[in-house]
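Summary of structural features
Letter by letter, the chains look like this.
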Amino acid sequence: MKFDEIYKRLSTYRTSGGEKLLFLLTPTTMRGIYDCVLHSNAQECIELGTGYGATTCIIAAALQERGGGCVTTIDIMVHDPIGIHVLAAHTGMAPYINAICSTAGYNWYMGDLIAAQTKNGVCEPCLDFCFLDGAHEWGHDALAVYLVGKLLRPGSWLVMDDLDLRPRGGHPAWETVFAHFTEAELDTYHVARIYNLILRQHPDFGEFALGDGGRTGWARKKSAAPSPWYPTTHVLDPLRLGWRQAFAPAELAAQAHRTDGINIRRKGSAIQIDAELTDPFFILPGAVVAQRSIDAITLRVHLVSPPTETLQIFWINATRENFNEEQSMRVKLAAEDGWRDIAIRINGTREKWPVRAIRLDLTDGPSTVLWDDFAIGGWI
Ligand SMILES: C[S@@+](CC[C@H](N)C(=O)[O-])C[C@H]1O[C@@H](n2cnc3c(N)ncnc32)[C@H](O)[C@@H]1O
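Rules used throughout
- Residues numbered from 1 in each chain as written.
- Predicted model: local features only at pLDDT ≥ 70, side-chain atom pairs only at ≥ 80, totals over all residues.
- Heavy atoms only, no water.
- Salt bridge = Lys/Arg side-chain N within 4 Å of Asp/Glu carboxyl O.
- Helix = DSSP H or I, 4+ residues; strand = E, 2+ residues; numbered from the N terminus.
- Buried < 20%, exposed > 50% of the residue type's maximum accessible area, 1.4 Å probe, protein only.
- Near = heavy atom within 4 Å.
- Polar contact = N/O pair within 3.5 Å; in protein donor to acceptor, adjacent residues only side chain to side chain.
- Areas by Shrake-Rupley, 256 points an atom, 1.4 Å probe, with all protein chains shown as cover.
- Nonpolar A, V, L, I, M, F, W, Y, C, P; charged D, E, K, R; others polar.
- Phe/Tyr/Trp six-rings, centres within 6.5 Å; stacked < 30°, edge-to-face > 60°.
- Lys NZ or Arg CZ within 6 Å of the ring centre and 35° of its normal.
- Axes fitted to C-alpha atoms, helices over the stretch in contact; angles between N-to-C directions.
- Parallel < 35°, antiparallel > 145°, perpendicular 65-115°, else oblique.
- Left-handed = near helix turned anticlockwise from the far one by under 90°.
- Contact = heavy atoms within 4.5 Å.
- Pairing = 2+ DSSP bridges.
- Lys, Arg positive; Asp, Glu negative; His and termini not counted.

In this section: the pattern of salt bridges. A pair can form between side chains of opposite charge whenever their charged atoms are brought close. For the coordinates displayed, the defined rule picks out 14 salt bridges. Among the salt bridges present, the one from Asp161 reaches Arg215, with a minimum N-O distance of 2.9 Å. Placement of Asp161 in the loop between strand 7 (152–160) and helix 7 (174–177) and of Arg215 in the loop between strand 8 (205–211) and strand 9 (216–221) is noted, with a sequence separation of 54 residues between them. A relative accessible area of 1% means that Asp161 is categorised as buried. You can call Arg215 buried: its relative accessible area is 16%. The shortest N-O distance in the salt bridge between Asp187 and Arg168 comes to 2.6 Å. Of this pair, Asp187 sits in the loop between helix 8 (183–186) and helix 9 (190–199) while Arg168 sits in the loop between strand 7 and helix 7, placing them 19 residues apart in sequence.

What follows is the structure in structure tokens.
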């Protein structure tokens, strides 16, 4: 079933009492999940935290569209009057859904699955996609990421929601619900902490990207084969920057080290970059980074042609010698988006890591891109 159709069926659903479904994700994220399952050809999917069941049905629709598969969705409770069984029946998606309700939760379920998949002491991966949107707590979800990391096949995508959520103020009854938390736990963005400290440093994951204004974190289990699909990201960090310094792209480009195949022309306040080859790059002048601890980069770009291109931004800090995939972010550009303001969180943690170099690649090429503002910034 096409995305627009499943979304319409879900959003127009009403119970006999007139209640409607509460969507817990933005349409952008639901569309991203749908496209990911469809285009990465995921067959066995898992959702950790079913909620009312909207995203389960979205994943199921993508499975039907690709020709089959199953989404296993796990929760500690069934929501009423609108829950997964009601929505699965209403949308016709039940054949693609395996809904599990157990107070033991998803970590117990994944423990059982790892046991079943273990032969001669090695767990054979059996999943192609995971959406983690459950407890939103450090202990539970750090373990969930570790467990699902064993179960995902190489090349599979993992998405985590709510990087911008913290317990204090993040729940109407937070003072009661999180009464047992320390001040530090209350003020921590738990999912962001897991994304940055567990997933981004996990040796089996790469291709990190933030979506939906920094709310969702994406990562791909490493594979020799490139992904047939990448998330379209509006990569904004959930945390505020304490300082920011802007530079004119024309000056940066004039001083940058660049490979062959990049031609630059001024276009008003912007510059036009014509990349004639695949994967040409700029390394920005050393004076920009100046060994400062940089936590974010912001830039304004407009893809003129072709319809899509991937901008990849690399950085080197004290932890690595060379540019590498793990210290990079990919942003999928679409010509139809026009000007895009992109903010990318680099370095990944609140620790101070002096940055030694920043590189910008137009990876797919050939392409024409307009580039306007550029700034670096950091936490205080
Ligand atoms: C934000 S909702 C999920 C929303 C859903 N993924 C969607 O996109 O519509 C979070 C759900 O996770 C469930 N949950 C929390 N901790 C869990 C655990 N340890 N195991 C299973 N489910 C859990 C909650 O009961 C709640 O229904």
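Now that the structure has been shown, we can carry on.
Surrounding the ligand, one finds 20 residues, the nearest of these being Glu47, Gly49, Thr55, Asp75 and Asp133. The contact in question runs from an oxygen atom of the ligand to an N or O atom on the side chain of His79, over 3.0 Å. At 3.1 Å, a backbone N or O of Tyr106 approaches a nitrogen atom of the ligand. Isolated, the ligand exposes 610 Å² of accessible area, and the fraction of that covered by the protein chains is 87%. Listed by contribution, the elements that provide at least two residues to the shell around the ligand are strand 2 (70–75) and helix 5 (105–117). Each residue belonging to the shell around the ligand can be placed in one class, and the counts come to eight nonpolar, nine polar and three charged.

Inspection of the entire model under this criterion finds 10 aromatic pairs. Consider the rings of Phe3 and Tyr34, whose centres lie 5.6 Å apart with planes at 70 degrees: the pair is edge-to-face. Taken together, the positions of Phe3 in helix 1 (residues 3–11) and Tyr34 in helix 2 (residues 27–39) put the pair 31 residues apart, joining distant regions of the chain. The cationic tip of Arg193 hangs over the ring face of Trp138; the distance from NZ or CZ to the ring centre is 4.4 Å. Seen from the ring of Phe281, Arg359 lies directly overhead, with NZ or CZ sitting 3.9 Å from the centre.

Any two packed helices are characterised by the angle at which their axes cross and by the distance between the axes. Packing of helix 1 against helix 2 leaves a shortest axis separation of 11 Å and a crossing angle of 135 degrees. Considered as vectors, helix 1 and helix 2 are oriented oblique to each other. When you trace helix 1 past helix 2, the crossing you get is right-handed. Residues Phe3, Asp4 and Tyr7 of helix 1 form the contact with helix 2, whose participating residues are Pro27, Met30, Arg31 and Tyr34. Across the contact of helix 1 with helix 2, the residue classes tally to five nonpolar, no polar and two charged.

It is worth spelling out the sheet that holds strand 6 (residues 127–132) at this point. Hydrogen bonds along the backbone pair up the strands of a sheet, which may run parallel or antiparallel. One open sheet accounts for seven strands, arranged 3-2-1-6-7-9-8; its pairing is mixed. In the strand order of this sheet, the two ends are held by strand 3 (97–101) and strand 8, each with one partner. Neighbouring strand axes in the sheet, compared pairwise and without regard to direction, differ in orientation by 15 degrees on average. Where helix 6 (residues 138–151) meets the sheet, it contacts strand 1 (44–48), strand 6, strand 7, strand 8 and strand 9, and its direction lies at approximately 155 degrees from that of strand 7.

Taken across its eight residues, strand 19 (residues 355–362) has seven buried, putting it largely inside the fold. As paired strands, strand 14 (residues 281–283) and strand 19 are joined by three bridges and run antiparallel to one another. Looking across to strand 19, one finds that Phe282 is bridged to Leu360.

Residue placement: Asp75 occurs in strand 2. An unpaired buried charge is present at Asp75: no salt bridge exists, and Arg215, the closest side chain of opposite charge, is 14 Å distant. At a separation of 3.0 Å, a polar atom in the side chain of Asp75 contacts the main-chain amide nitrogen of Thr50. Leaving out residues up to four positions away in the same chain, Asp75 has contacts with Gly49, Thr50, Gly51, Ile100, Cys101 and Ser102.

With that settled, the discussion passes to the packing of helix 5 against helix 6. Relative orientation of the contacting elements helix 5 and helix 6 amounts to 25 degrees, with a least axis distance of 10 Å. In terms of orientation, helix 5 and helix 6 fall into the roughly parallel class. In the packing of helix 5 onto helix 6, the handedness of the crossing is left-handed. Note on element contacts: helix 6 touches helix 5 through His140, Asp141, Leu143, Ala144, Leu147, Val148, Lys150 and Leu151, opposite Tyr106, Asn107, Met110, Leu113, Ile114 and Gln117.

With respect to the helices and strands, Leu63 occurs in helix 3 (residues 54–66). With relative accessibility at 0%, the residue Leu63 sits in the buried group. The sequence separation of Leu63 and Ile346 amounts to 283 residues, and the corresponding C-alpha distance is 34 Å. Contacts of Leu63, omitting those with residues within four sequence positions, involve Val37, Ala42, Gln43, Cys45, Gly68, Gly69, Cys70, Val71 and Tyr96.

With that out of the way, let us pick up the pairing of strand 18 (residues 339–345). Within strand 18, five of the seven residues are buried, which leaves it mostly tucked inside the rest of the structure. In this structure, strand 15 (residues 296–305) lies alongside strand 18, joined through seven bridges in antiparallel fashion. Residue pairing for strand 18: His302 is matched across the bridge by Trp339.

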